[in-house]
Number of protein chains: 6
Amino acid sequence: MPNDQLQMLLTQTPEEGYKLAVKLAQKGIELTQPSEEIRQMLRPVYSRNPDSLIAASQVVAIHFQTVAAANNYWRMWTPLYR
Amino acid sequence: MPNDQLQMLLTQTPEEGYKLAVKLAQKGIELTQPSEEIRQMLRPVYSRNPDSLIAASQVVAIHFQTVAAANNYWRMWTPLYR
Amino acid sequence: MPNDQLQMLLTQTPEEGYKLAVKLAQKGIELTQPSEEIRQMLRPVYSRNPDSLIAASQVVAIHFQTVAAANNYWRMWTPLYR
Amino acid sequence: MPNDQLQMLLTQTPEEGYKLAVKLAQKGIELTQPSEEIRQMLRPVYSRNPDSLIAASQVVAIHFQTVAAANNYWRMWTPLYR
Amino acid sequence: MPNDQLQMLLTQTPEEGYKLAVKLAQKGIELTQPSEEIRQMLRPVYSRNPDSLIAASQVVAIHFQTVAAANNYWRMWTPLYR
Amino acid sequence: MPNDQLQMLLTQTPEEGYKLAVKLAQKGIELTQPSEEIRQMLRPVYSRNPDSLIAASQVVAIHFQTVAAANNYWRMWTPLYR
């Protein structure tokens, strides 16, 4: 599906970058378990397990590092030193 | 909700940067489990489990890396070498 | 097998880069468990376990960091600041 | 409490940097479980569980990466190449 | 044993770099459990446990980041922008 | 004890750098569990558990990233491109 293809990692804001990081994390799960049906079945399991939620949040954090670096951290200026 | 939107990753101090990292970690959990009610129910579970606490602290650590890099580590000067 | 050899980390798009990251993650598993037969046997186990799926997605995320950096994040331009 | 505020990430030595990394890891746990009493109760549990100790050490490792980068790895000189 | 010593992190190709990453991951295990006999005994356990395989693959992924950065990602050219 | 203090992160070779990474990982465990006696008691437990060994190896991998970066990857030259 074309709009599922990653076109680029650039986003206008950190907020959009965070959403892209979430999408990247989900993509990893979809590629390992391609069945939408099974994924839907698993969702209530992990979304009520605090350790799963924390683990999912960690994958997002790793992707957000990548997206943030790709966007030069959405900086408009560079801190003034030296 | 507008004030939940990430506007930028720049903060005045490492202390504020750390708080932003915590917010980024929570955001990941909220996006996976949007129900405030369920999250409140899970809180006493993971906040008394040392392994969950360590895992949550790790997600914060990963986001703090991102925020710290975005802020050039809040450096005012560059070390003098060469 | 020649086409299993990693030639380079450069890809045309983030989408292809993501696929390379998945391949890199699988390579790690294949080197630890070389038997195709055993891996096939394990697949239904971990692909229906949400925590395994999240963990697998995390390995992909780490490799995607590497591939994205190798490709300079597929940027065509550098943000205008300073 | 003022002296709990992170003022900066710069330290004189890697040793002090490591201690700051430990402090950053603890801060993550304190923000998730603010009760000193509960944390004291959990301490004997995780400090005798090897997996918890390894996990805690990992959080410190991630923060040490950040602190080390912030301090340009406490280098006094740059290696001579090219 | 001399040929077990890490001489440098440079390799000719990503493929060789990946093998070095695997070696670095094994080195970590050998230093914690020096007994070849015990390690051989543990091998059938973790090599048939999908979660162990994923975890082992993650350690390789982290080392591959290091090796790839050391080799400037085996790039022959730099992308043309600005 | 003075010789337990981290003086710097520079080493002559990757081999020494790896040993420093191991030392950094152990330091994290020692700071969380200061009792040498308890640590000795736990050692046979985790050194025979494959998942603990993999987790310990991961902490070393993270520290090795830091040490390798501090040493500019022990490069003597920069790859010729451009």
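About the criteria used
Residues numbered from 1 in each chain as written. Chains lettered and ligands numbered in written order. Predicted model: local features only at pLDDT ≥ 70, side-chain atom pairs only at ≥ 80, totals over all residues. Heavy atoms only, no water. Least-squares fit on C-alpha atoms with pLDDT ≥ 70 in both. Contact = heavy atoms within 4.5 Å. Buried area = accessible area lost by both parts, 1.4 Å probe. Salt bridge = Lys/Arg side-chain N within 4 Å of Asp/Glu carboxyl O. Polar contact = N/O pair within 3.5 Å; in protein donor to acceptor, adjacent residues only side chain to side chain. Helix = DSSP H or I, 4+ residues; strand = E, 2+ residues; numbered from the N terminus. Axes fitted to C-alpha atoms, helices over the stretch in contact; angles between N-to-C directions. Parallel < 35°, antiparallel > 145°, perpendicular 65-115°, else oblique. Left-handed = near helix turned anticlockwise from the far one by under 90°. Nonpolar A, V, L, I, M, F, W, Y, C, P; charged D, E, K, R; others polar. Phe/Tyr/Trp six-rings, centres within 6.5 Å; stacked < 30°, edge-to-face > 60°. Buried < 20%, exposed > 50% of the residue type's maximum accessible area, 1.4 Å probe, protein only. Lys NZ or Arg CZ within 6 Å of the ring centre and 35° of its normal.

With respect to the relation of the copies chain D and chain B
Mapping chain D onto chain B calls for a screw motion: a turn of 60° about the axis and a shift of 0.0 Å along it, with 0.0 Å RMSD after fitting. Taken together, the turn and the small shift mark the pair as related by a six-fold rotation axis. For chain D, the minimum C-alpha distance to the rotation axis belongs to D:Ile62 and amounts to 6.9 Å. A share of only 19% of the interface residues of chain D reappears at the interface of chain B, consistent with the copies meeting through non-equivalent patches.

Regarding the interface of chain F and chain D
In many reports, interface size means the accessible area that the parts give up when they come together. Opposite the 36 residues of chain F that make contact, chain D presents 28 residues. Surface buried jointly by chain F and chain D totals about 3000 Å² across both partners, of which 65% is contributed by carbon and sulfur atoms. Seen at the junction of chain F and chain D, the total is 1 salt bridge. Applying the counting criterion to the chain F and chain D interface returns 11 residue pairs in polar contact (both at pLDDT 80 or more). At the level of elements, helix H1 (14–32), helix H2 (36–46) and helix H3 (50–70) of chain F are the ones that each hand at least two residues to the side of chain F that touches chain D.

Concerning the packing of helix H1 (residues 14–32) of chain C against helix H3 (residues 50–70) of chain E
At a closest axis distance of 8 Å, the pairing of H1(C) and H3(E) adopts a crossing angle of 120°. For the element pair H1(C) / H3(E), the angle class is oblique. With respect to the hand of their crossing, H1(C) and H3(E) are arranged in right-handed fashion. In this structure, H1(C) uses C:Leu24, C:Ala25, C:Gly28, C:Ile29 and C:Thr32 to contact H3(E), whose residues at the interface are E:Leu53, E:Ile54, E:Ala56, E:Ser57 and E:Phe64. Grouping the constituent residues of the contact of H1(C) with H3(E) by class yields 7 nonpolar, 3 polar and no charged.

A few points about the packing of aromatic side chains
A complete count under the given rule lists 12 aromatic pairs over all chains for this structure. Summarising the aromatic geometry, the rings of B:Phe64 and B:Trp74 are spaced 5.8 Å apart at their centres and angled 20° between planes, so their arrangement reads as stacked. Here B:Trp74 lies in the segment after helix H3 (50–70) and B:Phe64 lies in helix H3, a separation of 10 residues in the sequence. The class for B:Trp74 is buried, based on a relative accessible area of 11%. Members of the aromatic cluster, each reached through a chain of ring pairs, are A:Tyr18, A:Phe64 and A:Trp74. Taking the ring centre of A:Tyr18 as reference, the NZ or CZ of B:Lys27 above it sits at 5.7 Å.

Quick notes on the pattern of salt bridges
All names here are of chain C. Per the counting criterion, the structure on display carries 18 salt bridges over all chains. Note that Glu36 is salt-bridged to Arg39, the shortest N-O span being 3.2 Å. Separated by 3 residues within a single helix, Glu36 and Arg39 lie in helix H2 (residues 36–46), roughly one turn from each other. In this structure Glu36 comes out as partly exposed when scored by relative accessible area, which is 45%. With relative accessibility at 18%, the residue Arg39 sits in the buried group.

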